[in-house]
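# Working through the structure, step by step
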Amino acid sequence: MPAVKTQLLLLVTAALLSGQTTQAAIIWQHSQWQHTELQADSGLTEQVNTLLKRSQNRHNQSLLPADNQVTDTKILDQALIITVQINHHFKQHMLNESWLEQVSRLLDLNLDQLAPGIRQIHLNTTIDGRSVSLPSLLHITPVPDKPDDRVKTRRKAAGPVTDLSDKTLFISQAHGWIDYDDFREWSTQRGITHDIVEDFVNAEGINQYLLDYFSLAGAELFTLRERDLNTQMVIVDNEDGLSNPTNGTYLETGDAGLFGDSGANGFKNFQAPYSDTNDPFRDNGGTDRIITTSPTETATAVWRPVISEADEYDVYVSYSGVGNRASDARYTIRHGGIDTTVLVDQTKHRYVWNYLGRFYFAAGGDHAITLSNQSAEPGTSVSADAVRLGGGMGDVIGHNNGTLSGHPRWEEGARTWTQFQGASQSVYQGGDVTARSRFADWEHYSVEDSVYVSWHSNAATGNARGTSSYIYSANPPDGTYDITQAHPGSANLQTAIHEELINDIRAGWDANWSDRGKRSAYFGEVNPTHNDEMPAVLLEMAFHDNADDADALRHPGFRKLAARAIYQGVVRYFAERDGINITLLPEPPSHLQVTSPASGTLQVQWQAPLTDNQDLLGDAADDYLVYLSADGKNFDNGTVVDGLSLTLADRTPGEMVFVKVKARNAGGRSLDSETLATRISYQGEPRVLVINGFDRLNSGQLILQNMPDIGGFVDRMYLSQMNTFDYIIQHGTALNESGVGFDSISNELIEDALFTLNPVSHLAVFWILGEESSLGDTLNNAEQAALQSYLNAGGKLFISGAEIGWDLDFLGSGADQDFYHNTLMTAYVADDANTFNATGVSGSPFASLNSLDFDDGTGPAYRVEFADVLNPLNGAASCLQYSTGGAACTFVDTGTYQLIHLGFPFETITQSAMRDELMAETLNYLAIPYFSDVIFANSFD
């Protein structure tokens, strides 16, 4: 949101009623929005004048002091043209971009009452009898060209492409922590409203959804704040050599004669914290190495970072700006035994952190980033400077208070991020708002086809709702709406994204969602004086101070939907501009099934992704990419498949294989499917089936984080702590440790009667329900019926989840309760055990388990908010007891079937050894035979 919003913004709550003499409005006084009354019959000019007179700037001075006056207003189509007579003192000392932005916000929030239907605001004055726009009187220093912007050709030949592979997009996450020049010191730019903060809620959606959509479409991306939520960071620089082995090493291999010093500046490690003007790439005496390129690889530079905490890390590289660089610098990232190669155009974006991708790195593993001298442009050079993994904590000292923020870098605003990105002081010295667009101008190269998109949320007095979008409006004095006053193309970009957003939100979220229109205003972030190199649009997604809109904004599904709509809008903008057909990314494949039907065989099956006729979902898939992994985290680079299945007959019996699938078309690749797995079969091996039914991802899983710096608790969307859709890792690994073969399927196959549970082919079923709850049905009627038939045929069941009793018994129908009581042989007692610890019950299958801990939010899975307290029925008994009392687990042998029901998710058991032991005891109780390569190596049946 533009800079004039604050923590206590309010919205208009009343309008003029017939016969009233006053009209409700809002003004800015004493650092907050307040209600006021205007004379309903005083005319629009006087009403606007009163608003400006009564409203205050940050120094509590009137926005329009004495001897300055609104002298005229007129409406032309959707434009409100306001003439303001200003004196010399005002022009010299008060008229600035902040004033224009504040006035724009004030008028914009009152327009629906003062002048319904107005979408553009024009502020003019008269000088020497001549009408001029107020923005034309501003003195804004243009952004200088980046010194090495000398690229003469495109990285990729221009032409009609349906993806975004020849586009460079600048994406603004808007507000974040900044260093204020007053008592606030470091603070967010917006406060807590309805348990969310604008500075975080939009950035979380951008970083975890929008950037993925754009990347999967092939776009090159630059963000205006750090994108990696990982607070760990490792940087290894070429000058480190072997001198810092606990942090990482740098090594050169191959023909030593091909290496040299470029003589240019470079990044220098271990210089943080940085002063408020320090350029990490140019100011600290750093250097880089260059390698002469060759048609084949004859030399490499190798960085080996030391990872202390296993996690996913964004990987960045930097390189210098001197020399004849190759446009296909070949970086290979080694992660978990997998090599992934990324080509980087080193002819541009020098002296900046360039994003290579996101990869999982295990603690202490064999990791490396390698730069090869192999190139299709032999005789050029590639620069080896620094690599960075992870986002880390903010390490740029605030320019007002001289301290660090103490917060994750990704939460900080653009002021510190653009400095860390090597921008000129002229980019960020004007403050956070303009640093965003000025960095885009600075980093944009003349050959790049780019747009600028900023995602905000709005606020006023708590009642307004809906979506609006803005471009800049330094329009001619006569009020004629001229789209060229914003950067050419901005209005078309605005239309494409705005209309996509409204369509998709109404089709996929709320049919009555309010469309507040495509507007223009004097918002500095989209001022073409700061960024005159690309179309720019600012999106106000919803009102975070309105309870209903805030409920939408906090929901992961809404943020994902909005992200997809923005991506689709950008695609439509380029396609309509260039006159080409649109192809949108497909949705992910569904109904995944990963099995090993014969010895040494892997079979993967899925269904085609959904499409629709509402312009909501993506387009149909052309083919698919199947990704394989040994650990469920590090996947290979994919196998292209034309149909809906893949069979591989050359796998090793006893090998665990994890699988995910993407759909693909001319627009790019889809988001991932869930991850499932199998253990490759031995001949004649009895097997079990794992069913993943944990599909839930909603607001109830948000992380409630205490943030005393801004005065309270805030709902945070950390997807890695909510549902990663890969909990087959914990289940499959534990089964494998016990030497038991397994297959896995999506629960949708059971729901849609596309898979029959059979105790002959699968002796037992292990059903993952995690925190699946009443909103998604832990077990719907079809699943209950399938399980009932399976158990009646002699099957065995292990089922775990924190909400099964709550859903089926406490909230369930009579049929649900009957299934829970008389099939699972359990009754619900309470929704929250008020503990994260349980111990085995004597005489039960888990009698040997002592003090088992499950995740309280500090573990590797997710916090178990409400572990069900259970009561065994109909001959069942308890197998685990919570430390606070009450059963955490029930088990029963009916003579026909056996089952174990865990009141918390199995995958949240924090210690892998304890998971393995519980699984082993489960398999012993269910009498599942043990098979292993040791047995077969010794020729035993």
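Note that the structure is predicted; figures quoted are calculated from it, not measured.

## What about the overall build of the protein chain?
A tally of regular secondary structure across the protein chain gives 17 helices and 49 strands. Computed over its C-alpha atoms, the radius of gyration of the protein chain comes to 30 Å, within 12% of the 30 Å expected for a compact globule of 941 residues. With respect to the principal axes defined by its C-alpha atoms, the protein chain has extents near 100 × 85 × 50 Å. Looking at the protein chain as a whole, 60% of its 941 residues qualify as buried. Considering only contacts in the protein chain between residues 6 or more positions apart, those separated by 24 or more positions represent 74%. Accessible area for the protein chain stands at about 33200 Å²; split by element, carbon and sulfur atoms hold 47% of it. One way to put it: in the protein chain the 59 positive side-chain charges average out to a point 7 Å from where the 120 negative ones average out.

## Here we look at the sheet that holds strand β24 (residues 386-389)
Overall, antiparallel pairing links the four strands, which are arranged β13-β24-β18-β21 in an open sheet. Strands with a single pairing partner mark the edges of an open sheet, and in this sheet they are β13 (234-237) and β21 (354-361). Pairs of neighbouring strands in the sheet enclose a mean axial angle of 20°, with direction left out of account.

## Some details on the UniProt feature "domain: Fibronectin type-III" (unreviewed entry) in the protein chain
On the UniProt side, "domain: Fibronectin type-III" (unreviewed entry) is annotated at positions that read residues 588-684 here. Annotated as residues 588-684, this span is 0% helix and 43% strand, and its ends, taken at the C-alpha atoms, are 34 Å apart.

## Some points on the sheet that holds strand β19 (residues 329-335)
With respect to topology, five strands assemble into an open sheet ordered β14-β17-β22-β19-β20, the strand pairing being antiparallel. The open sheet is flanked by β14 (248-254) and β20 (338-344), the only strands paired with a single partner. Here the strands of the sheet are splayed against their neighbours by 20° on average, with no regard to which way each runs. For strand β17 (residues 299-305) and strand β22 (residues 368-372), the ladder comprises four bridges, and the chain directions are antiparallel. Looking across to β22, one finds that T300 is bridged to S372.

## Observations regarding helix α8 (residues 490-508)
The end-to-end C-alpha distance of α8, which contains 19 residues, comes to 26 Å, matching closely the 27 Å that a straight helix rising 1.5 Å per residue would cover. For α8, every residue scored as buried is listed here: S490, A491, L493, Q494, A496, I497, H498, E500, L501, I502, D504 and I505. Contacts made by the buried residues of α8 are with β25 (449-458), β26 (467-472), β27 (515-521), β28 (536-543) and α10 (556-578).

## Description of the state of the cysteines
Scanning the entire structure with this criterion turns up one disulfide. With a sulfur-sulfur separation of 2.0 Å, C879 is cross-linked through a disulfide to C889. The sign of the S-S torsion, about -65°, decides the handedness of the disulfide formed by C879 and C889: left-handed. One end of the pair, C879, is in strand β47 (residues 877-882); the other, C889, is in strand β48 (residues 887-893), with 10 residues separating them in the sequence. C889 shares its class with C879; the two are buried.

Parameters and conventions
Residues numbered from 1 in each chain as written. Predicted model: local features only at pLDDT ≥ 70, side-chain atom pairs only at ≥ 80, totals over all residues. Heavy atoms only, no water. Helix = DSSP H or I, 4+ residues; strand = E, 2+ residues; numbered from the N terminus. Rg over C-alpha atoms; globule rule 2.2 N^0.38 Å. Buried < 20%, exposed > 50% of the residue type's maximum accessible area, 1.4 Å probe, protein only. Contact = heavy atoms within 4.5 Å. Areas by Shrake-Rupley, 256 points an atom, 1.4 Å probe, with all protein chains shown as cover. Lys, Arg positive; Asp, Glu negative; His and termini not counted. Charge placed at Lys NZ, Arg CZ, Asp CG, Glu CD. Pairing = 2+ DSSP bridges. Axes fitted to C-alpha atoms, helices over the stretch in contact; angles between N-to-C directions. UniProt positions renumbered as here; feature names shortened; annotations may be inferred. Expected span 1.5 Å × (residues − 1). Disulfide = S-S within 2.5 Å.

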